[in-house]
Structures are given as C-alpha cells and as structure tokens.
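Commentary on secondary and tertiary structure
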Amino acid sequence: MRADKLDKAVQGFLALMQERHDVLGAMLTGSYVTGTMMPHSDIDVFFIWQDEGRSMRGCTVFEGVAFEYFFSPVWKYRDRLKKDLVGQQIYAKGRIVLDTGGVFQAIKEEALRRVAAYAPVLSPQDRADLSFQVETVMKDGLDLQMAGRGEDFRFLAGKNIPFLCDVAAKVHKQYPVYQKYAMEQLRALDPSLAAHLRSLYQAAAGQELLAAWQALCSHVLGLLGDVDNSNYQSVVMISEKEST
C-alpha cells in the first residue's frame, strides 16, 4: 500500500480510537515507524487511557490496514519501564502522535534514559550459573545428535538458541536481540557468534552439524570466561512465605 494511504489509515484509526475510548496519549511503534514494513506487517499503536484498572490488547483491520493496539493507564507504562527490556526499547523508539499533558513524552524520556544506561553486570556466580546452563545444553545437543535423534536435537536447538544469544548480549552489556531482526543485530553485536549460528543453520546432518553445535556453544562459554564448573554449586535463600 502507498505511504500516503497508510498515513491516512493511521490518522483515521487514531480518530476512531479517540471516539471510542478516553484516550490521553498514543504512540506508533514498530516497522511502520522504522520504514521496514513487510507484506504481512501490521501497525502497532500504544494508547494511554484513563481506566486505571484495566489493560486491553487487540487487533483489527481498518481501511484495509492491519492494526495491533494496546491500551493501559499511565502507571502501567511506568511499571513496565522498570523491568520490561523490550518495552524500554519500544517506548524509546516510538513516535508520539497524541500526548495530553506530556504523559507519553515523560515515558519516552524515561525509556531513553534507561536504554542509555543499560549495562548489565555479571557476577562470578552469574557467570558460573550461565556457564553451567550452556554446558548442559551443549552436552544434551551432542548426545542427541550422536544417538541419531536429529528431530529432537533441532527442537532443543531451536528452544535454546535465543538463550545462547541472550547470554552473549549480557556479556557485551547489550539488550537481547529482537527475534525478527536477530541475525542483523547479532552481526553487529558479535560477528563470530553470528558466523557460528549461520554455520549451524547451513550444516548438513551428521558430523558437520555436531561440530557446528559444539562450536556455537563453546563460543558462548568462551565469552563467559571458560568457567571451570567441575564442582559447580549454586545456593539460593528460600522462604515458605514465597509459596503462599
């Protein structure tokens, strides 16, 4: 669809939502804002409304354009900013199109501050814990391949590749990669990791796939400092109150 028709549909949809709901603010996000829409992309719109006790999510088609919408009170946006890494990035990059009293601008500024300051620190125990997890995943994958259980291996790999990438991002003090743009972001974050992952995806079943999996996991273990987990132990404090 032509850009002018898209823009017209967006304006019409915003007006419709303002008529139906008590809207204080609206922010456009995603591929529409970045100019990277694909044939099946929708347009994401975040709304602030005055209903303090509810959030709402939905999707619809308006004037031939697919929209996904999110409604929450302002306090919920502020709450998400404290712990939601995806939300922090979304609100930092979003385009504000309606803002009563500057509420969305304040949220965006807080998101920008958090994004600029983001730099996770891994303690020695964190590195040991993550290394133990990576080693376990690596060994499970090797065992599955050696047993000829290729389908089980591919399921395990698919579930754990995002985990391996998240570990690398933490080591590099960066946000987790966004799945839709993972390879592009990985090439910028850690070119060697991206190369190992590409080799895994292209590897033929058998020794080539086994070697690619081991190389990928070994790279992540190296990022963590090749921790010696031969006598690994992790102790956490627990309380009965947590289960009530």
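Residues numbered from 1 in each chain as written. Predicted model: local features only at pLDDT ≥ 70, side-chain atom pairs only at ≥ 80, totals over all residues. Heavy atoms only, no water.

Moving on: the nonpolar core. Val134, Leu164, Leu186, Leu200 and Trp213 are the most contacted members of the largest nonpolar core, which totals 37 residues. Among the elements of the structure, helix 6 (124-146), helix 7 (150-171), helix 8 (182-189), helix 9 (191-202) and helix 10 (207-223) are those that each provide at least two residues to this core. Apart from the residues lying within four places of it in its own chain, the contact partners of Leu200 are Phe153, Ile161, Leu209, Ala212, Trp213 and Leu216. Judged by nonpolar contacts, the second largest core, of 19 residues, contains Val10, Leu28, Val65 and Tyr69. (Core = buried A, V, L, I, M, F, W, Y, C linked by side-chain atoms within 4.5 Å. Buried < 20%, exposed > 50% of the residue type's maximum accessible area, 1.4 Å probe, protein only. Helix = DSSP H or I, 4+ residues; strand = E, 2+ residues; numbered from the N terminus. Contact = heavy atoms within 4.5 Å.)

Compared with the 21 Å implied by 1.5 Å per residue over 15 residues, the 22 Å span of helix 5 (residues 103-117) between its first and last C-alpha is a close match. Taken residue by residue, helix 5 has Val103, Phe104, Ile107, Lys108 and Ala111 as its buried positions. All buried residues of helix 5 fall inside an arc of 130 degrees around its axis, so they share one side. For helix 5, the exposed residues lying more than 90 degrees away from the buried face are Arg113, Ala116 and Ala117. In this fold, the buried residues of helix 5 make contact with strand 1 (23-29), strand 2 (43-49), helix 3 (74-83), helix 4 (85-93) and strand 5 (95-99). (Expected span 1.5 Å × (residues − 1). Arc of directions from axis to C-beta.)

Topologically, Gln145 is positioned in helix 6. Among the residues examined, Gln145 registers a relative accessible area of 14% and is labelled buried. As for Gln145 and Gln207, which are separated by 62 residues in sequence, their C-alpha atoms are 8.7 Å apart. Discounting chain neighbours no more than four positions away, the residues touching Gln145 are Phe153, Gly206, Leu209, Leu210 and Trp213.

Attention shifts here to the packing of helix 7 against helix 10. The geometry of helix 7 relative to helix 10 is characterised by a closest axis approach of 10 Å and an angle of 25 degrees between their N-to-C directions. Comparing the axis directions of helix 7 and helix 10 gives the class roughly parallel. Relative to helix 10, the crossing made by helix 7 is left-handed. For the pair helix 7 and helix 10, the contacting residues are Phe153, Arg154, Leu156, Ala157, Ile161, Leu164, Val167, Ala168 and Val171 in the first and Leu209, Trp213, Leu216, Cys217, Val220 and Leu223 in the second. Per-class residue counts for the contact of helix 7 with helix 10 are 14 nonpolar, no polar and one charged. (Axes fitted to C-alpha atoms, helices over the stretch in contact; angles between N-to-C directions. Parallel < 35°, antiparallel > 145°, perpendicular 65-115°, else oblique. Left-handed = near helix turned anticlockwise from the far one by under 90°. Nonpolar A, V, L, I, M, F, W, Y, C, P; charged D, E, K, R; others polar.)

Bringing the pattern of salt bridges into the picture now. As enumerated under the stated definition, the model contains seven salt bridges in all. For Asp79, the salt bridge goes to Lys76, with nearest N and O atoms at 4.0 Å. One end of the pair, Asp79, and the other, Lys76, are both in helix 3, three residues apart, so they sit about a helical turn from each other. Looking at Asp79, the relative accessible area reads 22%, which means it is partly exposed. Relative accessible area serves as the criterion here: at 26%, Lys76 is assigned to the partly exposed category. One salt-bridge network, held together by shared partners, links Lys76, Asp79 and Lys83. (Salt bridge = Lys/Arg side-chain N within 4 Å of Asp/Glu carboxyl O.)

Let us look at helix 3. Buried within helix 3 are the following residues: Val74, Tyr77 and Leu81. Viewed end-on, helix 3 has its buried residues packed into an arc of 60 degrees, placing them on one side of the element. For helix 3, the exposed residues set more than 90 degrees away from the buried face come down to Lys82 and Lys83. Here the buried face of helix 3 lies against strand 2, strand 4 (65-72), helix 4 and helix 5.

For Ser131, the location among the structural elements is in helix 6. Residue classification places Ser131 among the buried positions, given a relative accessible area of 0%. A polar atom in the side chain of Ser131 sits 2.7 Å from the backbone oxygen of Arg127. Contact partners of Ser131, with chain neighbours within four places excluded, come to Leu221, Leu224, Val227 and Asn229. (Polar contact = N/O pair within 3.5 Å; in protein donor to acceptor, adjacent residues only side chain to side chain.)

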